[in-house]
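Secondary and tertiary structure notes
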Amino acid sequence: MFFYQDIVTMKLKIFLIAGLFFSGCTTPTKMTKTGNGFADNIIVAHRGAWKKNQLPENSIAALKEAIALGCTGSEFDVRMTADDSLIVNHDPDYHKLVIEKTNYTQLAEYKLSNGEKIPTLQEYLLAGLQNNKRTRLVLEIKPSDVSKERGKLIAEKAVKLVHELGARHMTVYISFDYDILKKIHELDASASTQYLDGNRSPEELKADGITGADYHYSVFRKHPEWIESAKRNKIILNAWTVNAAAEMDWLLDQQFDFITTNEPELLFERIRLVNEKKK
Ligand code: MG
């Protein structure tokens, strides 16, 4: 009887160990190098997931839709008003007012097309932290048209706010302004930073502590050697703004870490088809 129980216990242990082993092996797609608990796909919704439901770009509703879809990231653009408020908007102007020359209260008089107030960065980050552990907040800092120094001030304020709100683990910083990214790295050496302008090799990024190359996909067509050197140098690969199936398929084939798109639903479908082919 004693012997029989021993065998049962042993079988149970083998079963449990095998279960753990196989569950580890069947993770559907590779997790990105920085990821922990984020959605297991490579989709970054560009300015949120706005297109399908005709939401305003960069609205909190578009961010919430990206979270609801289960994108691994949702991107948004940050600018600073004349009175130093950080707000989320793509263009340098809003309702014909130049953001950098207008105070926040004046801008807030105009609503987005869905009735939302133009979001402050604080409101946007808080919405991104609410009921969300799976979607990264991909925070683009737009270069300042006033001065390089003002651009760095925006970076300082954004990093401070991200830290105060406890959004550090969720945030990826991106910018076309290399000095803004270097400033962020100086302020937080563990910050995830991706450069957008496509004119620096992965080796250069690595030397400056920048963690990713987030370039227009045509840059990677022109410099396919950068894909290999990014992988060798552990530089994250991201491409924007990829809206056609053929480009998505090529980047999936190249095993990019992220793809930034206005068409997250289409990219989900392309990933599904790729995974189906593998079976
Ligand atoms: Mg952007």
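Residues numbered from 1 in each chain as written. Predicted model: local features only at pLDDT ≥ 70, side-chain atom pairs only at ≥ 80, totals over all residues. Heavy atoms only, no water.

Here we come to the environment of Pro-264. With respect to the helices and strands, the residue Pro-264 is situated in helix H11 (residues 264-278). Taking the relative accessible area as the measure of exposure, Pro-264 reaches 1% and is therefore buried. Separated by 212 residues in the primary sequence, Pro-264 and Lys-52 place their C-alpha atoms 9.2 Å from one another. Not counting the four nearest positions on each side in its chain, Pro-264 is found in contact with Ile-43, Ala-45, Ala-49, Leu-69 and Cys-71. (Helix = DSSP H or I, 4+ residues; strand = E, 2+ residues; numbered from the N terminus. Buried < 20%, exposed > 50% of the residue type's maximum accessible area, 1.4 Å probe, protein only. Contact = heavy atoms within 4.5 Å.)

With that out of the way, let us pick up the pattern of salt bridges. Applying the stated criterion to the full structure yields 20 salt bridges. With its nearest N and O atoms 3.2 Å apart, the salt bridge here joins Arg-150 to Asp-84. You can see Arg-150 sitting in helix H5 (residues 148-164) and its partner Asp-84 sitting in the loop between strand E2 (73-80) and strand E3 (86-88), a full 66 residues away along the chain. What makes Arg-150 buried here is its relative accessible area of 14%. With a closest N to O distance of 3.2 Å, Arg-221 and Glu-247 form a salt bridge. One end of the pair, Arg-221, is in helix H8 (residues 217-222); the other, Glu-247, is in helix H10 (residues 245-253), and 26 residues separate them in sequence. Arg-221 sits in the partly exposed class, given a relative accessible area of 42%. It is possible to trace a salt-bridge network through shared partners that takes in Arg-47, Glu-57, Asp-77, Glu-140 and Lys-142. (Salt bridge = Lys/Arg side-chain N within 4 Å of Asp/Glu carboxyl O.)

This part takes up the coordination of the magnesium ion. Within the first shell, the magnesium ion binds the protein through Glu-75 (OE), Asp-77 (OD) and Glu-140 (OE), at distances of 2.0 to 2.1 Å. Going along the chain, you hit the donors of the magnesium ion in the pattern E-x1-D-x62-E. Placement of the pair is Glu-75 in strand E2 and Glu-140 in strand E6 (residues 136-141), with a sequence separation of 65 residues. Here the two residues Glu-75 and Glu-140 agree in accessibility, since each one is buried. (Donors = N, O, S within 2.8 Å, 3.2 Å for Na, K, Ca; no water.)

Attention shifts here to the pairing of strand E8 (residues 192-195). Neither face of E8 is left uncovered, since the one carrying Ser-192 and Gln-194 and the one carrying Thr-193 and Tyr-195 both have all their residues buried. The pairing of E8 with strand E9 (residues 212-216) spans two bridges and is classified as parallel. For Gln-194, the partnering residue across the bridge sits in E9 and is Gly-212. Assessed by its sense of winding, the connection that carries the chain from E8 through helix H7 (residues 202-207) to E9 is right-handed. (Pairing = 2+ DSSP bridges. Right-handed = clockwise from strand over helix to strand, strands pointing away.)

Among the secondary structure elements, Asn-41 is positioned in the loop between helix H1 (2-25) and strand E1 (43-45). For Asn-41, a relative accessible area of 10% corresponds to the buried category. At 3.0 Å, the side chain of Asn-41 forms a polar contact with the backbone nitrogen of Ile-43. Separated by 3.1 Å, the side chain of Asn-41 and the backbone nitrogen of Thr-72 make a polar contact. Setting aside residues up to four positions removed in sequence, Asn-41 forms contacts with Gly-70, Cys-71, Thr-72 and Phe-268. (Polar contact = N/O pair within 3.5 Å; in protein donor to acceptor, adjacent residues only side chain to side chain.)

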